[in-house]
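# Structural overview for review
Here's the letter readout for the chains.
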Amino acid sequence: MMNFQVTVRYGGRQQRYHTFTVQADNAKTALESAATQLPLDIAADVDLVELRIAVDPDARSYVDDKLL
C-alpha cells in the first residue's frame, strides 16, 4: 500500500484547491478511491485532478546530511 496525495482545483475564475490523501496499491485504485472521497459540493466545479505519491515527512531530508 502506498499513500497518494490528491489535489483538485475547482471554482472557475476564483480557483480554489482541495487536497487530501488516499491509500492504494496503484494509481488506478488511488483515483477510484479519490473519486469516492471527493466532496459532492465541489465535484461539479472540478476542472483539474493531480495525483502524486505522498512524501513521508519523516523520511524527507531538508538539509544534505553530507554537509553536516
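Residues numbered from 1 in each chain as written. Predicted model: local features only at pLDDT ≥ 70, side-chain atom pairs only at ≥ 80, totals over all residues. Heavy atoms only, no water.

## Quick notes on the sheet that holds strand 1 (residues 2-10)
Backbone-to-backbone hydrogen bonds join strands into a sheet, with any given pair of strands oriented parallel or antiparallel. Worth spelling out the cut-off: At least two DSSP bridges between two strands are required for those strands to pair. For helices the rule is a DSSP run of H or I covering at least 4 residues; for strands it is a run of E covering at least 2, with both sets numbered from the N terminus onward. To get an axis, fit a line to the C-alpha atoms, keeping to the stretch in contact for a helix; angles then go from 0 to 180 degrees between the N-to-C directions. Contact definition: two residues touch when any of their heavy atoms are within 4.5 Å.
The strand order across the open sheet formed by three strands is 2-1-3, and the pairing between neighbours is antiparallel. The open sheet is flanked by strand 2 (16-24) and strand 3 (46-53), the only strands paired with a single partner. Direction aside, the axes of adjacent strands within the sheet are offset by 20 degrees on average. Here strand 1 pairs with strand 2 via nine bridges, running antiparallel. Each residue of the ladder has a partner; that of Val6, found in strand 2, is Phe20. Across the sheet, helix 1 (residues 27-37) is in contact with strand 1, strand 2 and strand 3; its angle to strand 2 comes to roughly 125 degrees.

## Side note on the pattern of salt bridges
Put simply, the rule reads: A pair is scored as a salt bridge if a Lys or Arg side-chain nitrogen falls within 4 Å of a carboxyl oxygen belonging to Asp or Glu. The buried label applies to any residue whose accessible area, calculated with a 1.4 Å probe on protein chains only, is under 20% of its type's maximum; exposed applies above 50%, and partly exposed to all values in between.
Applying the stated criterion across every chain, the model contains two salt bridges. Of the charged contacts in the structure, one is a salt bridge between Asp47 and Arg9, with a shortest N-O distance of 3.0 Å. Remark: Arg9 occurs in strand 1 and Asp47 occurs in strand 3; sequence separation between them is 38 residues. Judged by relative accessible area, Arg9 falls into the partly exposed class, the value being 21%.

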